[in-house]
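Understanding the architecture of this molecule
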Amino acid sequence: FVLSAMRPLTLEPEPGDMLRDPKRVFEMAEETAARYHERMEAERKAREEAAKDIVLGLGDSLDDLTSSSDDDSEGSDPLADVSDNLDSLLS
């Protein structure tokens, strides 16, 4: 682990430890850094999963827009009704 790249406050097991017992903070630096990196990796994976779910959800939404319903003619614009409704509201 690259401890020199981490701020001392990040290495504190509890806030204020650097002021109260800096020796303890440095003694526990490797262990604290390992936990910090594990937490950052878990958060990164959670963000990736959330982003993946959003993208997959958008794909489903786009599929809904491009699929034609029974009363629509083949190739009709799925946003035409929205456009017509907006035009009527604005006029």
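Here, every reference points to the structure presented above.
Please read these numbers as outputs of a predicted model, since none were measured by experiment.

For the rest of this paragraph, the subject is the overall build of the chain. Counting secondary structure elements, the chain contains five helices and zero strands. Reading the helices (α) and strands (β) of the chain from amino to carboxyl end gives α-α-α-α-α. Counting every position in the chain, which comprises 91 residues, the buried fraction comes to 12%. Contacts spanning at least 24 positions in sequence make up 30% of the contacts within the chain whose residues lie at least 6 apart. Of the accessible surface of the chain, which amounts to about 7,500 Å², a share of 57% is contributed by carbon and sulfur atoms.

A general feature of soluble globular proteins is that nonpolar side chains tend to end up buried together. Grouped together as the largest cluster of nonpolar side chains are five residues: L11, M18, V25, A29 and A33. Each residue touching V25, except ones within four places of it in the same chain, is listed here: L11, E12, P13, D17 and M18.

The subject of this paragraph is the pattern of salt bridges. By the definition in use, this model includes six salt bridges. For E43, the salt bridge identified is with R39, shortest N-O distance 3.9 Å. Of this pair, E43 and R39 both sit in helix α4 (residues 29–66), four residues apart, which is roughly one turn of the helix. By relative accessible area, which is 46% here, R39 ends up partly exposed. For R44, the salt bridge identified is with E48, shortest N-O distance 2.3 Å. One end of the pair is R44 and the other is E48, both in helix α4 and four residues apart, which spans about a single turn. Here R44 falls in the partly exposed class, since its relative accessible area comes to 31%. Salt bridges sharing partners connect three or more residues here, namely D17, R20 and R24.

Glancing now at the side chain of D17. Here D17 is to be found in helix α2 (residues 17–20). On the basis of relative accessible area, D17 is assigned to the buried category, the value being 7%. Each residue touching D17, except ones within four places of it in the same chain, is listed here: E12, P22, R24 and V25.

The rules behind these values
- Residues numbered from 1 in each chain as written.
- Predicted model: local features only at pLDDT ≥ 70, side-chain atom pairs only at ≥ 80, totals over all residues.
- Heavy atoms only, no water.
- Helix = DSSP H or I, 4+ residues; strand = E, 2+ residues; numbered from the N terminus.
- Buried < 20%, exposed > 50% of the residue type's maximum accessible area, 1.4 Å probe, protein only.
- Contact = heavy atoms within 4.5 Å.
- Areas by Shrake-Rupley, 256 points an atom, 1.4 Å probe, with all protein chains shown as cover.
- Core = buried A, V, L, I, M, F, W, Y, C linked by side-chain atoms within 4.5 Å.
- Salt bridge = Lys/Arg side-chain N within 4 Å of Asp/Glu carboxyl O.

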